[in-house]
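# Observations on the model geometry
Residues per chain, in single letters:
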Amino acid sequence: MASVSLESVRKVYDGGVEAVRDLTLHVRDGEFVVLVGPSGCGKSTTLRMIAGLEEADAGTIRIGTRIVNAVHPKDRDVAMVFQNYALYPHMTVRENMSFALRLRGTPKAEVERRVREAARMLDIEGLLDRRPRQLSGGQRQRVAVGRAIVREPQAFLFDEPLSNLDARLRLSTRAELKALHLRLRTTTVYVTHDQEEAMTLGDRVVVMHAGVIRQTGTPFEVYSEPADRFVAGFVGTPGMNFLDGRFEAAEGGVWFTSRGGARLRCADAHADRLARHAPRHAVLGVRPQAISLGAGGPGATLAARVRLVELLGDVMDVVCDMDSGEAVVARVTARPGLAPGDRAELAVEMERAHAFEPGELGRSLLHGGNGAA
Ligand SMILES: Nc1ncnc2c1ncn2[C@@H]1O[C@H](COP(=O)(O)OP(=O)(O)OP(=O)(O)O)[C@@H](O)[C@H]1O
Ligand SMILES: [Mg+2]
């Protein structure tokens, strides 16, 4: 196993698309790092540069201590698992799994041992003589992972390996991949556009946007201390509520006034940092989970009307139109009797609020440093 490092890596495709810009990332030996971000942000391009399937236009890529920019993909000693699995249709599962080893001239007994071991680990021993078309999607996915495992590579590279599976199978396979990593401890770089998958799988999560890393951190860090408004809005469901407005020192504290005129008193713990920013234009961020039904204390209550109630089982999302005109979503414990058109008071836990500079990519005013590593 080995670490994987990218230093100031850049990729511009023919036609001038700058898919990855000045990307620096250090994946430690044995670590599971997830690249996550919306479609087109450069996740696959980054992974493919590590694998050697795309050439970097600038920067240095290292696997272990070796610079691999000019090393052929097959000599990089990494194993990639693709979204479509790319199994050879005319080969059996056993042949698919052993193909790379046989190509390398690995002794027959050793090939057999590794295939058996991987098949046992993935619970596909009974499928070794079948061909891919005789397998379910989930089974094919395991064969693809098995093919990577038998190579005993320095690192695994996964590109959206679960996206062809149905919702239930995706959850169970996700848990299997996590368990597998805990056993093998192989350095892993995993790409997904699904923030929940990123949060549950990663030791660390790298949130990307338009070819740039916005934040690198543990799942807890990117969720509770998002470095900017993009990360704050991308991580967590439902998305964070954002209100445009300004902070102002008043009444012995700092208050936020939204554009529509809703007023909230900031938590004392945040007051000093926000006072420094007052009274410029800024954005308040509140997760739906930090809003509950009923009156909060003074300066922590919003008056609103219910627009929509979405029941999700034990919780429900309540979409409200505040009297100030802005919309806000609250995720609350499910209860009957709340209907569109009802008046509602919303209590906001301001200790859990976030604040950002204006704009879609506004930096956090509360959490300094972007934690890039
Ligand atoms: N071979 C190519 N030629 C030109 N442009 C490309 C090529 N491959 C990707 N791109 C562009 O580079 C950008 C990044 O693409 P990339 O495939 O890395 O995104 P991604 O984050 O993996 O997205 P997705 O979640 O949709 O898979 C996109 O704008 C894409 O259109
Ligand atoms: Mg992709």
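Quick look at the structure, then. In this text, all values refer to a predicted model and were calculated from it rather than measured experimentally. (Residues numbered from 1 in each chain as written. Chains lettered and ligands numbered in written order. Predicted model: local features only at pLDDT ≥ 70, side-chain atom pairs only at ≥ 80, totals over all residues. Heavy atoms only, no water.)

### Considering the overall build of the chain
Defined as follows: Counting from the N terminus, the helices are the DSSP runs of H or I reaching at least four residues and the strands are the DSSP runs of E reaching at least two. Residue burial is assigned from relative accessible area. The probe radius is 1.4 Å, only protein chains are included, and a residue is buried under 20% of its type maximum, exposed over 50%, and partly exposed in between. The criterion used for residue contact is that any of the two residues' heavy atoms lie within 4.5 Å. Note on areas: Shrake-Rupley with a 1.4 Å probe; residue coverage comes only from the protein chains shown. Positive charge is attributed to Lys and Arg, negative charge to Asp and Glu, and no charge count is given to His or to the chain ends. By convention, the point assigned to a charge is CZ for Arg, NZ for Lys, CD for Glu and CG for Asp.
A count of helices and strands for the chain gives nine helices and 20 strands. Along the three orthogonal principal directions, the C-alpha set of the chain runs to about 80 × 50 × 40 Å. For the chain, the proportion of its 373 residues judged to be buried stands at 49%. Restricting the contact set of the chain to residue pairs at least 6 apart, pairs at least 24 apart contribute 65%. In the structure as shown, the chain presents an accessible area of about 17,000 Å², 49% of it carried by carbon and sulfur atoms. Side chains of the chain carry 49 positive and 47 negative charges; the gap between the two charge centres is 5 Å.

### Focus: the site of ligand 1
Applied cut-off: Being near a molecule or strand, for a residue, means having at least one of its heavy atoms within 4 Å of it. For this analysis, a polar contact is any N or O atom pair within 3.5 Å, provided that within protein one partner can donate a hydrogen and the other can accept it, and provided that sequence-adjacent residues contribute only side-chain to side-chain pairs. Three classes are used, and their members are as follows: Ala, Val, Leu, Ile, Met, Phe, Trp, Tyr, Cys and Pro are nonpolar, Asp, Glu, Lys and Arg are charged, and the others, Gly among them, are polar.
Neighbouring ligand 1 are the residues Tyr13, Val17, Ala19, Ser39, Gly40, Cys41, Gly42, Lys43, Ser44, Thr45 and Glu160. Contact between ligand 1 and cysteine 41: an oxygen atom at 3.2 Å from a main-chain N or O atom of the residue. The backbone of glycine 42 places a nitrogen or oxygen atom 3.0 Å from an oxygen atom of ligand 1. Out of a free accessible area of 640 Å², ligand 1 has 60% covered by protein chains. Here the shell around ligand 1 gets three residues from one element, more than from any other, and that element is helix H1 (residues 43–51). Here the shell around ligand 1 is composed, by residue class, of four nonpolar, five polar and two charged.

### A word on the layout of surface pockets
Filter applied, for reference: Put plainly, a pocket is an open set of points on a 1 Å grid over the protein atoms alone with protein on both sides within 12 Å along at least five of seven lines, a cavity is a set where a 1.4 Å probe fits but cannot get out, and a lining residue has an atom within 4 Å of a point. Grid points are joined across faces, edges and corners, and a volume is the space filled by probe spheres set on the points.
In this structure, the largest pocket encloses a volume near 700 Å³. Lining the largest pocket are 22 residues, with Lys74, Val78, Tyr88, Ala100 and Arg151 sitting closest to its centre. The set of elements that each furnish at least two residues to the lining of the largest pocket consists of strand S6 (78–81), helix H2 (93–104) and helix H4 (137–149). The greatest single-element share of the lining of the largest pocket, amounting to five residues, is contributed by H2.

### Considerations on the environment of valine 81
You can see valine 81 is positioned in strand S6. Given a relative accessible area of 2%, valine 81 falls into the buried group. In this structure the C-alpha to C-alpha distance between valine 81 and arginine 147, which are 66 residues apart in sequence, comes to 8.6 Å. Excluding anything up to four places from it in sequence, valine 81 contacts Ala144, Val145, Ala148, Leu157, Phe158, Asp159 and Pro161.

### Describing the sheet that holds strand S9 (residues 204–209)
Formally: Two strands make a pair as long as DSSP finds a minimum of two bridges between them. The axes are straight lines fitted to the C-alpha atoms, using for helices just the contacting stretch, and the angles between their N-to-C directions are given from 0 to 180°.
Strand order in the open sheet formed by six strands is S6-S7-S8-S3-S9-S10, with mixed pairing between adjacent strands. With one partner strand each, in any of the chains shown, S6 and strand S10 (212–217) form the two edges of the open sheet. Here the strands of the sheet are splayed against their neighbours by 15° on average, with no regard to which way each runs. Relative to strand S8 (residues 187–192), strand S3 (residues 32–36) is paired through five bridges, and the arrangement is parallel. Bridge assignment links valine 36 to a residue of S8, and that residue is threonine 192. Strand contacts of H4: S6 and strand S7 (155–159), with the helix running at about 175° to S6, the strand carrying the most contacts.

These figures come from the coordinates and say nothing about function on their own.
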